[in-house]
Amino acid sequence: MISDAWLKDACFIDGTWVPADDGQTITVTNPASGAALGTVPRCGGAETARAIAAASRAFTTWRAMLAKERADLMFALHDALLAEKRALGELLTREQGKSRAEAEGEIAGGAAFFRWFGEEAKRVYGDTIPSPWPGKRILVTKEPVGVVGAITPWNFPHSMIARKLAAALGAGCTMVIKPASQTPLSALAVAAICEKVGFPAGVVNVVTGSAAPIAAEMCENPAVRKITFTGSTEVGKDLGARALANMKRVSMELGGNAPFIVFDDADLDAAVKAAVLSKFRNSGQTCVCTNRFLVQAGVYDAFAEKFAAAVRALKVGDGLDAGVEQGPLIDPAAIAKVEEHITDARSHGARVLAGGVRHPLGGTYFEPTVLADVTPGMKIAREETFGPVAPLFRFETEAEAVAMANDTEFGLAGYFFTRDLGRAWRMMEALEYGMIGVNEGLASTEVAPFGGVKDSGMGREGSKYGLEDYMNVKYALFGGLGA
């Protein structure tokens, strides 16, 4: 059962649990049943300004701590998250809908970021550069950017916070987090565990409420030196423009339109297994999940048959029920977009090989779906579905596959399956994406950089590159060193 210690109905500002100034609240519901889970404050700009002020005060002491001292707190946070994995996983499932196995995996994956960046905090190295002048030396050091404003999505309410917060803490930054209103409870639980393990007041702050005034305060308040956002490209571009108008650093992890390419020489069984994972994890509600399956003509029918059979076998239901592999979608708007894409595709000649309709469970449950004979002119080829629909496109040549895969404004993740080493190398170089899975359908890990190109964003999360996104480079010239 969910521990009352982690189920919070208040915001966390400067080490204190507080309501909204006007007492207004937001009701959080379970997408599997529609039942209310609780309420959180509907905060706005004033509360956010106080959280930023707290983070600014805390930054002075947090950045001055030894890297090992910061790391020790992050290791303690990692251990505490794993100790509460089951309870936190249940909370995540109840507010977001994904299966319990996926939710507990997300808690473990999020915890791993705190251990990784705790270690990296002790390895923030600088440089010395050979001086072009006698009696002078050049030194390069790295410093934390300062207070960070983070705005996170509902689809991964724990891990999207973890990989931003862990990098910020490791670099020596403090943070104000605005979680999605659909899934704020997991964020507040992270804050509660930070409090338990002893993080100083103001280092980690969580403000729930209305997106517009909270984001406006983050973008306009001069104490915030960086904005990090995960969400839609449209919102990311707006936030980025407002942040850059005030010369703030930005990291943006935005939309995707991932291709999954299956060549004639692929191991079809391995490709099908990876395809199911890549498409239907979290009911297709992930930014890196496959949105387009491009299958070479020689194996198109065989792949379609195997894939459809595997998809029809997926168990749909409440994420807390045993054996469930796909839970409900987050809300009715998500169902509407899925149905819009299927209707458009069928009207232009696509065939339904599996699913295609709402699930008998009702609510926001939808049957895992496979569409055949999909063409580039359909909506599903251009727009991110963000739901459990797998469209199959046919191609003839490698060059055609590359052209089809790159024919999008997005560039987050791409996947392909082949046994030809030369082709694997050519495809890796030719695909215009920030992350590539070669004979793999899932590539996320804390040790590797996560992020995209083109309209999929800027900056990287995870790995040493993710730490650098929270640091400034300082150059110092030492003169007067001659004999």
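Overview of the structure. (Residues numbered from 1 in each chain as written. Predicted model: local features only at pLDDT ≥ 70, side-chain atom pairs only at ≥ 80, totals over all residues. Heavy atoms only, no water.)

Let's talk about helix α6 (residues 185-197)
In plain terms, the rule: Under the DSSP-based scheme used, a helix requires at least four consecutive residues in state H or I and a strand at least two consecutive residues in state E, with every element numbered from the N terminus. Here, expected helix span is obtained from the residue count minus one, scaled by 1.5 Å. Relative accessibility thresholds used throughout: buried, under 20% of the residue-type maximum; exposed, over 50%; partly exposed, between the two (1.4 Å probe, protein chains only).
Counted at 1.5 Å a residue, the expected span for α6 with its 13 residues is 18 Å, and the 19 Å between its end C-alpha atoms agrees. Among the 13 residues of α6, ten are classified as buried, and the element is accordingly described as predominantly covered. After α6 finishes, the residue Gly 198 shows a positive phi value of roughly 105 degrees.

Some words on the sheet that holds strand β12 (residues 258-262)
The cut-off we apply is this: Whether two strands pair depends on DSSP finding at least two bridges between them. A fitted line through C-alpha atoms represents every axis, and for helices the fit uses only the stretch in contact; the resulting angles, taken between N-to-C directions, go from 0 to 180 degrees. Contacts are residue-level and defined by heavy atoms, with any inter-residue pair within 4.5 Å sufficient.
Taken in spatial order, the seven strands of this open sheet run β14-β15-β16-β13-β12-β18-β19, and their pairing is mixed. Looking along the sheet, the strands with just one partner apiece sit at the ends: β14 (351-354) and β19 (435-438). Taking the axes of each pair of neighbouring strands and ignoring which way they run, one obtains an average angle of 25 degrees across the sheet. When β12 meets strand β13 (residues 290-296), the two strands line up parallel, connected through five bridges. Of the residues in β13, the one forming a bridge with Ile 261 is Leu 294. Sheet strands touched by helix α9 (residues 268-280): β12, β13, β15 (369-372), β16 (389-395) and β18 (413-417). Its angle to β12, the strand with the most contacts, is close to 170 degrees. The sheet contacts of helix α14 (residues 421-430) involve β12, β18 and β19, and relative to β18 the element is tilted by about 165 degrees.

Quick look at the pairing of strand β8 (residues 174-178)
To keep it simple, the criterion reads: By definition, the crossover connecting two strands over a helix is right-handed if that path, from the first strand to the second, turns clockwise as seen with the strands pointing away from the viewer.
Of all five residues in β8, five are buried; the element is thus mostly enclosed. Burial of the side chains of β8 extends over both faces: Thr 174, Val 176 and Lys 178 are buried on one face and Met 175 and Ile 177 on the other. Pairing analysis gives five bridges linking strand β7 (residues 147-151) to β8, with the strands arranged parallel. Along β8, the bridge assignment pairs Ile 151 with Lys 178. Assessed by its sense of winding, the connection that carries the chain from β7 through helix α5 (residues 159-171) to β8 is right-handed. Note that β8 and strand β9 (residues 204-206) share three bridges and pair parallel. When the bridges of β9 are listed, Met 175 appears paired with Val 204. Note on the crossover from β8 through α6 to β9: the handedness is right-handed.

Notes on the pairing of strand β10 (residues 224-230)
Within β10, six of the seven residues are buried, which leaves it mostly tucked inside the rest of the structure. Both β7 and β10 contribute to a ladder of five bridges, which runs parallel. Residue pairing for β10: Val 147 is matched across the bridge by Val 224. Here β10 pairs with strand β11 (residues 249-253) via five bridges, running parallel. Across the sheet, residue Thr 230 finds its bridge partner in β11, namely Glu 253. Tracing the backbone out of β10, into helix α8 (residues 233-245) and back to the parallel element β11 gives a crossover that is right-handed.

Some words on the packing of α9 against helix α10 (residues 300-312)
Applicable threshold: Relative orientations are named as follows: roughly parallel for angles under 35 degrees, roughly antiparallel for angles over 145 degrees, roughly perpendicular for angles from 65 to 115 degrees, and oblique for any other angle. The handedness criterion is simple: a crossing whose near helix is rotated anticlockwise from the far helix by less than a right angle is left-handed, and one whose near helix is rotated clockwise is right-handed. As a working rule, the residues Ala, Val, Leu, Ile, Met, Phe, Trp, Tyr, Cys and Pro are called nonpolar, Asp, Glu, Lys and Arg charged, and the rest polar, with Gly in that last group.
Remark: α9 packs on α10, axes separated minimally by 10 Å, with the N-to-C direction vectors making an angle of 50 degrees. The angle between the axes of α9 and α10 places the two elements in the oblique class. Judged by the twist between their axes, the crossing of α9 over α10 is right-handed. Contacts from Leu 268, Asp 269, Ala 271, Val 272, Ala 275, Val 276 and Phe 280 of α9 reach α10 at Ala 302, Phe 303, Lys 306, Phe 307, Ala 310 and Val 311. Tallied by class, residues from the contact of α9 with α10 come to eleven nonpolar, no polar and two charged.

Looking at the packing of aromatic side chains
Where we set the bar: Centres within 6.5 Å are what make two rings of Phe, Tyr or Trp a pair, Trp counting through its six-membered ring; a difference in plane orientation under 30 degrees is then read as stacked, over 60 as edge-to-face, and the rest as tilted. Counting as a charge over the ring demands two things of the Lys NZ or Arg CZ atom: a distance within 6 Å of the ring centre and an angle within 35 degrees of the ring normal.
Counting across every chain of the model gives ten aromatic pairs. Ring geometry for Phe 12 versus Trp 17: centroids 4.7 Å apart, planes at 40 degrees, classification tilted. Owing to a relative accessible area of 22%, Trp 17 belongs among the partly exposed residues under this scheme. Pairing Phe 260 with Tyr 415 gives two aromatic rings, centres 6.2 Å apart and planes at 40 degrees, and the pair type is tilted. With a gap of 155 residues between them, Phe 260 in strand β12 and Tyr 415 in strand β18 connect regions that are remote in the sequence. On the basis of relative accessibility, which here comes to 0%, the residue Phe 260 falls in the buried class. If you follow Lys 136 out to its NZ or CZ, it ends over the ring of Trp 133, 5.2 Å from the centre. Over the ring of Tyr 300 we find Arg 394; its NZ or CZ atom is 3.9 Å from the centre of that ring.

Structural notes on the packing of helix α7 (residues 211-220) against α8
How two helices pack is summed up by the angle between their axes together with the distance between the axes. Look at α7 against α8: their axes get within 9 Å of each other, and the N-to-C directions meet at 35 degrees. In this structure, α7 uses Ala 212, Ala 215, Ala 216 and Cys 219 to contact α8, whose residues at the interface are Leu 239, Arg 242 and Ala 243. In terms of residue class, the contact of α7 with α8 is built from six nonpolar, no polar and one charged.

Observations regarding the sheet that holds strand β6 (residues 137-144)
Strand order across the open sheet formed by three strands is β5-β6-β22, with antiparallel pairing between neighbours. Edge positions in the open sheet fall to β5 (127-129) and β22 (471-478), since each of these has one partner strand only. When strand polarity is set aside, the average angle formed by the axes of neighbouring strands in this sheet is 25 degrees. Note: β6 against β22, eight bridges, orientation antiparallel. Of the residues in β22, the one forming a bridge with Thr 141 is Lys 474.

Focus: the environment of Glu 367
With respect to the helices and strands, Glu 367 occurs in the loop between β14 and β15. A sequence separation of 355 residues divides Glu 367 from Phe 12, and the C-alpha atoms of the two residues are 39 Å apart. When near neighbours in sequence (up to four residues on either side) are disregarded, Glu 367 contacts Gly 355, Gly 356, Val 357, Arg 358, His 359, Pro 360 and Pro 388.

Regarding a nonpolar patch on the surface
Rule in force here: Residues qualify for a patch when their relative accessible area is over 30% and they have no salt bridge, like charges being joined within 9 Å and the nonpolar side chains of Val, Leu, Ile, Met, Phe, Trp and Tyr within 5 Å. Shrake-Rupley sampling with a 1.4 Å probe provides the accessible areas, and residues are treated as covered by the protein chains on show and by no other component. Think of a salt bridge as a Lys or Arg side-chain nitrogen and an Asp or Glu carboxyl oxygen that are within 4 Å of each other.
A cluster of nonpolar side chains, Trp 133, Tyr 475 and Leu 477, forms an exposed patch at the surface whose accessible area comes to about 320 Å². Position of Trp 133 relative to the elements: it lies in the loop between β5 and β6. Residue classification places Trp 133 among the partly exposed residues on the basis of a relative accessible area of 39%.

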